[in-house]
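Listed below, chain by chain, are the residues.
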Amino acid sequence: MMSMLLAVLSASLLAGVVNALGTGSGFEKYLRYFCALLLTLALLAPLGELKNIDTGWEEVLPEGDSAKTEQVPEQFLRRFESETEKAVLVLLEEEFSLSKKEVGVAAMAEDREGMPVLARLELTLYTVRGAALTGKVARRLEQACGCRVVITEMIRL
């Protein structure tokens, strides 16, 4: 900040002196252009120093193979799966009026670079009404979850 202030101050003084010396001559227009160019360069010069600033990102984001991600503990994957199953049941109940007795949900999550990711969702439909909605349910869940949805129809008679 200080270097920028000094650069602008020195360029302004130099431009003022050059402009004062050239007043009344035929080159006044060119001298003003030169002074404006000088001030612009004085403003941009300190910005060139920004590329040499040490940000410390190397410590936060190491390069190459030195970046090791920790694996997600198994208990967090199981918790993620159970919360996903609850959310899917709520979605099916709200959008398709399928109760918990009509649908069985099983979510399978996996660890991808230290993050739990839903890999597969299995639904078991127990009623004829649920089986009739198979296509709609599959499309909606694939859209909502972004994973493969497998639906099994086990109609109880």
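Residues numbered from 1 in each chain as written. Predicted model: local features only at pLDDT ≥ 70, side-chain atom pairs only at ≥ 80, totals over all residues. Heavy atoms only, no water.

### Here we look at the pairing of strand β1 (residues 103-112)
Consecutive residues of a regular strand have side chains that alternate between opposite faces of the sheet.
Inference 1: Bridge count between β1 and strand β2 (residues 115-125): 10 bridges; the pairing is antiparallel. Residue R112 lies in a different strand from β2, and its bridge partner there is M115.
Inference 2: Hairpin geometry of β1 and β2 is characterised by an intervening segment of 2 residues between the two adjacent antiparallel strands and by a positive phi of about 55 degrees at E113. (Pairing = 2+ DSSP bridges. Helix = DSSP H or I, 4+ residues; strand = E, 2+ residues; numbered from the N terminus.)

### Some words on the pattern of salt bridges
As a working rule, side chains carrying opposite charge can pair if their charged atoms are close by.
Inference 1: Scanning the entire structure with this criterion turns up 6 salt bridges.
Inference 2: Note that R79 and E83 form a salt bridge whose closest N and O atoms lie 3.7 Å from each other. Linking R79 with E83, this pair stays in helix α4 (residues 74-96), spanning 4 residues, or about one helical turn.
Inference 3: On the basis of relative accessible area, E83 is assigned to the partly exposed category, the value being 37%.
Inference 4: A salt bridge links R120 to E122; the nearest nitrogen and oxygen atoms lie 3.0 Å apart.
Inference 5: On the basis of relative accessible area, E122 is assigned to the partly exposed category, the value being 28%.
Inference 6: One network of salt bridges, in which partners are shared, links E74, R78 and E81. (Salt bridge = Lys/Arg side-chain N within 4 Å of Asp/Glu carboxyl O. Buried < 20%, exposed > 50% of the residue type's maximum accessible area, 1.4 Å probe, protein only.)

### Thoughts on the environment of E153
Inference 1: Structurally, E153 is set in strand β3 (residues 148-153).
Inference 2: In this structure E153 comes out as partly exposed when scored by relative accessible area, which is 43%.
Inference 3: Sequence-wise, E153 and L123 are 30 residues apart; in three dimensions their C-alpha atoms are separated by 8.4 Å.
Inference 4: Once residues lying within four places of it in the same chain are set aside, the contact partners of E153 are L125, A131 and T134. (Contact = heavy atoms within 4.5 Å.)

### Looking at unusual backbone geometry
Inference 1: In the Ramachandran plot, S97 falls in the positive-phi region, its phi being about 55 degrees despite a non-glycine side chain.
Inference 2: With respect to the secondary-structure elements, S97 resides in the loop between α4 and β1.

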